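Here's the letter readout for the chains.
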Amino acid sequence: KVKLVSADGDIIEVEEEVATKSQLIKNMVEDTGTEEEIPVPNVKTAILNKVLEYCEKHKSDNPPEIEKPLKSNNLYEIVNEWDAKYIDIENLEEIFEIILAANYLDIKSLLDLSLIHI
């Protein structure tokens, strides 16, 4: 298990294979192991949980790269149904926070998915 500390100071414990979907966390785990808590100071708890939900879903696969230019404006024609529902969020502020978190945590597939929604 890996213990992540959000910007709010909350500790979130997740499986290593889930947390290491983030290249940043993967590098930290490779450098220091999983004994110590890993600070994620740029990401609030609610957004970190949302990001980890995505990582949990894709822990044993790598989502296919999203083809550009986009062949449609309909999310459901571009990505699988789970990903489309996951990112189909009305609140733009939440989308921007996910984009910032995915960028900071270096989760390219989530960053791409978030960006096509805007």
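Coordinates for the structure precede this section.
For clarity, every value in this text was computed on a predicted model and none was experimentally measured.

Reading guide: rules and limits
Residues numbered from 1 in each chain as written. Predicted model: local features only at pLDDT ≥ 70, side-chain atom pairs only at ≥ 80, totals over all residues. Heavy atoms only, no water. Helix = DSSP H or I, 4+ residues; strand = E, 2+ residues; numbered from the N terminus. Rg over C-alpha atoms; globule rule 2.2 N^0.38 Å. Contact = heavy atoms within 4.5 Å. Areas by Shrake-Rupley, 256 points an atom, 1.4 Å probe, with all protein chains shown as cover. Lys, Arg positive; Asp, Glu negative; His and termini not counted. Charge placed at Lys NZ, Arg CZ, Asp CG, Glu CD. Salt bridge = Lys/Arg side-chain N within 4 Å of Asp/Glu carboxyl O. Buried < 20%, exposed > 50% of the residue type's maximum accessible area, 1.4 Å probe, protein only. Core = buried A, V, L, I, M, F, W, Y, C linked by side-chain atoms within 4.5 Å. Polar contact = N/O pair within 3.5 Å; in protein donor to acceptor, adjacent residues only side chain to side chain. Patch = residues over 30% accessible without salt bridge, like charges linked within 9 Å, V, L, I, M, F, W, Y side chains within 5 Å. Pairing = 2+ DSSP bridges.

A word on the overall build of the protein
Inference 1: For the protein, the count of helices and strands is seven helices and three strands.
Inference 2: Relative to the 2.2 N^0.38 estimate, which gives 13 Å for 118 residues, the radius of gyration of the protein is 14 Å and therefore close to what a compact globule would have.
Inference 3: Projecting the C-alpha coordinates of the protein onto the three principal axes gives extents of approximately 45 × 25 × 20 Å.
Inference 4: In the protein, the proportion of contacts linking residues at least 24 apart, taken out of those at least 6 apart, comes to 66%.
Inference 5: Accessible surface for the protein amounts to roughly 7000 Å². Of this, 46% is attributable to carbon and sulfur atoms.
Inference 6: In the protein, 12 side chains carry a positive charge and 26 a negative one; their mean positions are 4 Å apart.

Focus: the pattern of salt bridges
Inference 1: This structure, assessed with the given rule, holds six salt bridges.
Inference 2: Between K44 and E97 there is a salt bridge whose closest N-O contact spans 3.8 Å. Separated by 53 residues along the polypeptide, K44 in the loop between β3 (38-39) and α3 (45-57) and E97 in helix α6 (residues 92-105) bring together distant segments of the chain.
Inference 3: Overall, K44 belongs to the partly exposed group, its relative accessible area being 45%.
Inference 4: E81 is the salt-bridge partner of K85, the closest N and O atoms lying 3.1 Å from each other. Taken together, the residues K85 and E81, both in helix α5 (residues 81-87) and four residues apart, mark about one turn of the helix.
Inference 5: E81 gets classed as partly exposed once you look at its relative accessible area, which sits at 49%.
Inference 6: Here the salt bridges do not stand alone but share partners, grouping E15, E56 and K59 into one network.

What to know about the nonpolar core
Inference 1: Ranked by internal contacts, the top residues of the largest apolar core, which has 36 residues, are L4, L48, V51, L105, L110 and L113.
Inference 2: Sequence-distant contacts of L48, defined by excluding residues within four places in its chain, comprise L4, S6, I12, V40, V43 and L105.

Considerations on the side chain of S72
Inference 1: Here S72 shows up in the loop between α3 and α4 (75-78).
Inference 2: Since its relative accessible area comes to 13%, S72 is described here as buried.
Inference 3: At a separation of 2.8 Å, a polar atom in the side chain of S72 contacts the side chain of E77.
Inference 4: Sequence-distant contacts of S72, defined by excluding residues within four places in its chain, comprise E77 and I78.

Side note on a nonpolar patch on the surface
Inference 1: Taken together, the side chains of L92, F96, L115 and I118 present a nonpolar region at the surface, about 380 Å² in accessible area.
Inference 2: The residue L92 is located in helix α6 in this model.

Details of the pairing of strand β2 (residues 11-14)
Inference 1: Here β2 shows a clear split, with I12 and V14 buried on one side and none of I11 and E13 buried on the other.
Inference 2: Bridge count for strand β1 (residues 2-5) against β2 is four bridges, and the pairing is antiparallel. Bridge assignment links L4 to a residue of β2, and that residue is I12.
Inference 3: Linking β1 back to β2 in an antiparallel pair, the connection comprises five residues, with G9 at a positive phi of about 90°.

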